[in-house]
Amino acid sequence: MLPEASSVAVQTLKSWSDDTPRKQSLKSKYKLEKKARIEAQKTIATLSQKLADINNEKNYMQQSEKFLSLSLLTIVKSHIRCQKKRPNGYRYSDELKQFALTIYFLGSAFKILNFKPEALDCTLCADEIALKTHLFYSLRKDEIIGFHQTNSTKTYDPAKFAFVLLICGINVQWKQPIAYFLVSGSCTGNDLYNIIMSTIAKLQNISLNVKAFITDQGSNFQNFSKNLFVSPPRPSFYVNEQKVIYMFDPPHLLKSTRNMFFKHNFINSENYIDNKHLIHFYNKDSKMNIRTAPKLTHAHIYPGPFEKMRVYLAAQVFSHTVAAAMQTYQSLGKLSFDFLQTIQFIEKMDNLFDIFNSSKTPNSKDFRRPFKNISNQREYLLMMVSFFENLRVVTKNNGSDVTNRMNLINGWLISINGLLLLWSNMNPTNDCNFVLHTSRLNTDRLENLFGMFRLQNGNNLNPTPVQFYCAFKKLFCLNYFKH
């Protein structure tokens, strides 16, 4: 039998196994990683020292003076001065006290003191956001938030809507929410009249030039425009002897046109404009592997309740791409000559919306360029005025005439004439270098503001009155100190 203890003589010598190729490779890797770690520690120490040298109160104040406005700089200095003190020991400088009193008594007037003359021209937008009925007792204010309250009336009906007012620059890009009113129903009648007229008068008193008033085509706003005798020949009203042009929101008008185009038949010069032509084209094109109108989907042709509210779907239906694709099919003999009026109508609506959606961004489409009231733009608008004046709308079932019930026709006529009047009002000398960015003549900024209200409370589609109150106060201050 072998001995229990293994012989030392059969074991590999330690000197032989110390420098094997594998261990040599590991040792070299270890040395490299150790060297890299030491270099990284030195770099971290150097950067930490530099950061410590930069991250101090003196450098922070230098950067603040460089990038912040004087009003914000005053507030920042006060907070830095008070940060090491207890709340009861806070002391405010005379400069900050004067600044606070200026904001309290002058409000928006203080903001526009630094505006250039061209920035004073603005539009007033109005709309309503739905709220969830809820009452909240504010201990600080000693009042209940959530009841109906306007300039002239206050009732104990729970508020279901917030009527919001927003002003936007025309020549210079700025916006500012200025007021809201909690109402139990749509703001109508004398309440709406008093709110709008008093708001415009107050804005005029602080040197703002309210050139246009823009709303959607809600029944309350339509009645308001009728009470002011606003019409296509006279798309304006007066406040303190200053002309204010009334315009309906072009994106809302485009959606209304699409909805009525799908619901009824349009007749222009005894020629039918029918959505069945568009449906027939879609059914053919959707079966092709390579489509001529790839953006058209089932949601465009058969919109549901939510799809009917989407502006981009209406804009993609009334697009140059769709008109060109239908015309291509017609030239190939796949669509009959009866489709021509529908094709031309789609192209007309696309060009009209382009005129009302022009901006600084360069664009290959002629009508998307900034509005300068040049001959082709002016002639096209006048042609569309004639088109809508001669347009008839009949039902698909029995062909009865419902043209008088189509608010979109009157809305387009007022907005087109309002745009031409706004141009002449803002450019009385006919300066050839003056341009008008019509993409600012809508309520998109107000709709975006409503989206921000909802996001303040975790994507809450219907905030409560107190949630809306807190969100409005926050967004008001953010916009107030931004410009």
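Reading guide: rules and limits
Residues numbered from 1 in each chain as written. Predicted model: local features only at pLDDT ≥ 70, side-chain atom pairs only at ≥ 80, totals over all residues. Heavy atoms only, no water. Helix = DSSP H or I, 4+ residues; strand = E, 2+ residues; numbered from the N terminus. Rg over C-alpha atoms; globule rule 2.2 N^0.38 Å. Contact = heavy atoms within 4.5 Å. Areas by Shrake-Rupley, 256 points an atom, 1.4 Å probe, with all protein chains shown as cover. Core = buried A, V, L, I, M, F, W, Y, C linked by side-chain atoms within 4.5 Å. Buried < 20%, exposed > 50% of the residue type's maximum accessible area, 1.4 Å probe, protein only. Domains from an automatic or database assignment. UniProt positions renumbered as here; feature names shortened; annotations may be inferred. Pairing = 2+ DSSP bridges. Axes fitted to C-alpha atoms, helices over the stretch in contact; angles between N-to-C directions. Buried area = accessible area lost by both parts, 1.4 Å probe. Phe/Tyr/Trp six-rings, centres within 6.5 Å; stacked < 30°, edge-to-face > 60°. Lys NZ or Arg CZ within 6 Å of the ring centre and 35° of its normal.

Chemist: Residue-level account of the overall build of the protein chain, with values.
Modeler: From N to C terminus, the protein chain includes 18 helices and 13 strands. Taking 483 residues into account, the globule formula puts the C-alpha radius of gyration at 23 Å, and the protein chain, at 33 Å, lies well above it. Its C-alpha atoms give the protein chain principal-axis dimensions of about 115 × 75 × 50 Å. Restricting the contact set of the protein chain to residue pairs at least 6 apart, pairs at least 24 apart contribute 69%. Accessible surface for the protein chain amounts to roughly 27,800 Å². Of this, 54% is attributable to carbon and sulfur atoms.

Chemist: So what about the nonpolar core? Which residues, and what values?
Modeler: Judged by nonpolar contacts, the single largest core of 117 residues is most densely connected at Phe163, Leu165, Phe237, Leu278, Leu352 and Phe388. For this core, the leading source of residues is helix H16 (residues 407–426), giving 11 residues. Counting only domains with at least three residues in this core, you end up with domain 1 (110–249 + 442–481) and domain 2 (252–427). Leave out the neighbours within four places in its chain, and Phe163 touches Ala126, Asp127, Glu128, Ala179, Tyr180, Phe181, Cys187, Leu192, Ile195, Ile196 and Phe221.

Chemist: Explain the UniProt feature "domain: Transposable element P transposase-like RNase H C-terminal" (unreviewed entry) in the protein chain to me, and be specific about the residues and the numbers.
Modeler: Within this numbering scheme, the UniProt entry marks residues 440–473 as carrying the feature "domain: Transposable element P transposase-like RNase H C-terminal" (unreviewed entry). Taken end to end, residues 440–473 has its terminal C-alpha atoms 24 Å apart, with 62% of it in helix and 0% in strand.

Chemist: Tell me about the sheet that holds strand S7 (residues 175–183), and please be specific about residues and values.
Modeler: Read across the sheet, six strands follow the order S7-S6-S1-S8-S10-S9 without closing on themselves; strand pairing throughout is mixed. Sheet topology places S7 and strand S9 (236–239) at the edges, where each strand pairs with a single neighbour. Taking each pair of neighbouring strands and ignoring which way they run, the sheet shows an average axis angle of 25°. The pairing of strand S6 (residues 161–169) with S7 spans eight bridges and is antiparallel. If you follow Ala162 over to S7, its bridge partner there is Leu182. Helix H8 (residues 219–227) contacts strand S1 (121–130), S6, strand S8 (209–215) and strand S10 (242–248) of the sheet and is inclined by roughly 145° relative to S10.

Chemist: Which residues make up the domain arrangement of the protein chain, and what are the values?
Modeler: On domain assignment, one finds that the protein chain holds domain 1 (110–249 + 442–481) and domain 2 (252–427). On the side of domain 2, 18 residues touch domain 1, which itself brings 20 residues to the contact. Carbon and sulfur atoms supply 63% of the area that domain 1 and domain 2 bury against each other, a total of about 1,700 Å² over both sides. By the criterion of area lost to domain 2, the three top residues of domain 1 are Gln217, Pro232 and Met247, representing 31% of everything that side buries.

Chemist: Give me the lowdown on the packing of aromatic side chains, citing residues and values where you can.
Modeler: Scanning all chains against the criterion turns up 30 aromatic pairs. An angle of 80° between the planes, with centres 6.4 Å apart, marks the rings of Phe224 and Phe237 as edge-to-face. Taken together, the residues Phe224 in helix H8 and Phe237 in strand S9 connect sequence positions 13 residues apart. For the residue pair Phe224 and Phe237, the accessibility class agrees, reading buried in each case. Residues Phe266 and Phe345 carry aromatic rings whose centres are separated by 5.6 Å and whose planes lie at 85° to one another, so their mutual orientation is edge-to-face. Of this pair, Phe266 sits in strand S11 (residues 264–268) while Phe345 is found in helix H14 (residues 340–355), placing the two residues 79 residues apart along the sequence. Residue Phe266 is classed as buried on the basis of its relative accessible area of 0%. Grouping aromatic residues by their ring pairs yields a cluster made of Phe261, Phe262, Phe266, Phe318, Phe345, Phe356, Phe387, Phe388 and Trp412. Sitting over the face of the ring of Tyr329, Lys334 holds its NZ or CZ atom 5.4 Å from the ring centroid.

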